[in-house]
Amino acid sequence: MAGGANFLLGHIAVLHGKGDFRKGYEMVYETPADPSSGLCSLWFINRPILSVLLARHIKAILSGSSYREPIRLIELHNDNFLGEKALTNLNGKQWRVYRSAVHRSFTPSALKQSQKCIHIVGNTLVKAILNNILFQKDGKKEESEAFEPSTGGKNPVYKGPVLPLMKMATIDVFGLAIMDVDFQCCEKLQLTPVASAFEYLAEEYTRRLGTPWNPASWLYTLPTEANKRHLQKRKFIRDFIGKQIDRAQMKIKNGHDGSNNDNSEGGNLLTNILLTAERESDVSKSAILDLVMTLLFGGYDTTSITLSYALYMMATHPDIQKECLKEIDAVFPNSTSKEEDVFVLDDPARQLPYTHAVVLETLRLYPPAPVTFRTLEKSIELDGKIFPQGTSIMVPIWSIQRDARNFPRPLEMISARWVRRRDMKMEGESKWEERPFREEEMYGEDAIPCANRDAFCVFSAGARNCVGRKLALQEAVTLFAILVRKLKFEVMEEEYEVIPKLSSVVQQPNDGLPMIITPR
């Protein structure tokens, strides 16, 4: 049992770690855990919880149970942010129906169309940054929410946090890929009204979750200024999404849905969701709106956070940067080629295996969602102990993916956990390829440890895994490649070290990750 529990809140205060969740996780999930089994018990308010650390337990729990017993306060905030039918709130048959509607929407054609959108957004962001640097060089000033341009000198640069930029990119991708709407955040280097409204709601969600002792945080009907503004922003973005749903439904009705009239593969993801919903009589427009809000929430923060950390890891690891650039330059057309603006990666993971590995290793070290949980739907045996149906299981992703028993040399950034070199006899050189997991390769004294897929739970596993996993990785790898190919990212200070902080259900750099950006 972890120590320091409060008789009212259990271990919540300890997990907070006085502002550093990493210390809290160490005190609750790691240090008190049984050395051989990795199991530990704790209290979440008045609920007893079991936490796990080892790969053999994680796979069994995530694959064996999709149920999560609702935590009323969190459910309340989810209802007022994402909607009552948000996938994060649902369980049972209703969850299966709605998740299936989303899952079936991620068709190969939709992912292919999304890839074009990702390239458009990435190229737009690069051009906007380069144009702003050019304006500085010409003695002009360009306004931007994301950066404070440097002054003076012959070589102007961008200096500022990269996380806001990555958020602009991910919300633009969402607009184009999901709804065929250009929010123009990257073009203008600032959050436009819809994006700004969602950012406000996300920040409010974090603030309210963090102050449960304040009734004004969870009594949304109180006539406070914060509640009025929350209602206004929520109505604004839901009205906007509602209009896009109406527009997509009209296109389907008129036969302009891009599905070749067979209702098997629509155009964008919203069209696909609507086509799937037609087959499910109990999926209402309100429910579809909640599903779209869930997708936006799921992709907006997580992918932008991953990109920010990946850029940081590349900037602080010259050897990784060198390999990435070599691979990217070999795949993308020459910068003077006419094909550059129309070039689209067909399969980022296959075409850029090393870059894909950098993203995976970044996700291992800095999982955006540092914890998840399950409620056992049937009893389970873990290391000889039987845990009954209804047991709440905490899965601390951050601690699991930094545990040496799962990933030897856990604090090192080792992209080669995921890939290996393959000799190309005909070409007289070697290329990177995905590395299969083999137990005997993990514990060699001098060997690079192979990634343990069973302990890599950033996308969860089983029936309740991340429904947008393919799109998220596709987006992260592609945007990363486009950015680093044209722009050089450096840390502001040589001794700078990123400090993660909790923000609602995700962790992110506490300062937005300030960097220096220059043309490459």
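What counts and how
- Residues numbered from 1 in each chain as written.
- Predicted model: local features only at pLDDT ≥ 70, side-chain atom pairs only at ≥ 80, totals over all residues.
- Heavy atoms only, no water.
- pLDDT = per-residue confidence, 0-100.
- Helix = DSSP H or I, 4+ residues; strand = E, 2+ residues; numbered from the N terminus.
- 1 Å grid on protein atoms, 1.4 Å probe; cavity = no way out; pocket = protein on both sides within 12 Å on 5 of 7 lines; lining within 4 Å.
- Points joined across faces, edges and corners; volume = space filled by probe spheres on them.
- Nonpolar A, V, L, I, M, F, W, Y, C, P; charged D, E, K, R; others polar.
- Buried < 20%, exposed > 50% of the residue type's maximum accessible area, 1.4 Å probe, protein only.
- Pairing = 2+ DSSP bridges.
- Axes fitted to C-alpha atoms, helices over the stretch in contact; angles between N-to-C directions.
- Parallel < 35°, antiparallel > 145°, perpendicular 65-115°, else oblique.
- Contact = heavy atoms within 4.5 Å.
- Salt bridge = Lys/Arg side-chain N within 4 Å of Asp/Glu carboxyl O.

1. Some words on the confidence of the model for the protein
In step 1: Averaged over the protein, the pLDDT score is 88; the fraction of residues at 70 or greater is 89%.
In step 2: Taking the mean pLDDT of every element in the protein, the minimum, 81, falls on strand E8 (residues 419-424) and the maximum, 98, on helix H16 (residues 353-365).

2. A word on the layout of surface pockets
In step 1: In this structure, the second largest pocket spans a volume of roughly 830 Å³.
In step 2: Looking at the second largest pocket, it is lined by 34 residues, and the ones nearest its centre are Ala349, His356, Arg469, Lys470 and Leu473.
In step 3: With five residues, helix H18 (residues 469-486) is the largest single contributor of residues to the lining of the second largest pocket.
In step 4: Among the residues making up the lining of the second largest pocket, the classes are represented as 18 nonpolar, four polar and twelve charged.

3. Overview of the pairing of strand E13 (residues 514-519)
In step 1: With five of its six residues buried, E13 lies for the most part within the structure.
In step 2: As judged from the four bridges shared by strand E3 (residues 158-161) and E13, these two strands associate in the antiparallel manner. Note on E13: the bridge partner recorded for Gly160 is Met515.
In step 3: The sheet contact formed by strand E10 (residues 487-491) and E13 spans five bridges and is antiparallel. The residue bridging Phe489 from the neighbouring strand is Ile517, located in E13.

4. Remarks on the packing of helix H13 (residues 285-315) against H16
In step 1: Closest axis-to-axis distance for the H13/H16 pair is 9 Å, and the angle between their directions is 105°. Our classification of the angle between H13 and H16 gives roughly perpendicular. Seen from H13, the contacting residues are Thr306, Tyr309, Ala310 and Met313; seen from H16, they are Val359, Thr362, Leu363 and Leu365.
In step 2: When its residues are assigned to classes, the contact of H13 with H16 shows six nonpolar, two polar and no charged.

5. Description of the sheet that holds strand E7 (residues 392-395)
In step 1: Strand order in the open sheet formed by four strands is E1-E2-E7-E4, with mixed pairing between adjacent strands. Lying at the two open borders of the sheet, with one neighbouring strand each, are strand E1 (40-44) and strand E4 (372-375). Averaged over all neighbouring strand pairs, the angle between strand axes comes to 35°, with direction disregarded.
In step 2: Bridging between strand E2 (residues 47-51) and E7 involves three bridges; their strand directions are parallel. Following the sheet pairing, Ser51 is matched in E7 by Met394.
In step 3: Seen against the sheet, helix H2 (residues 21-30) touches E1, E2 and E7 and runs at an angle of roughly 120° to E1.

6. What to know about the pattern of salt bridges
In step 1: A full pass over the atoms with the stated rule returns 23 salt bridges.
In step 2: Here Glu75 makes a salt bridge to Arg72, at a shortest N to O gap of 3.1 Å. One end of the pair, Glu75, and the other, Arg72, are both in helix H4 (residues 72-81), three residues apart, so they sit about a helical turn from each other.
In step 3: With a shortest N-O distance of 2.9 Å, Arg421 and Glu323 are connected by a salt bridge. Taken together, the residues Arg421 in strand E8 and Glu323 in helix H14 (residues 318-331) connect sequence positions 98 residues apart.
In step 4: When salt bridges that share partners are traced, they join Arg72, Glu75 and Asp79 into one network.

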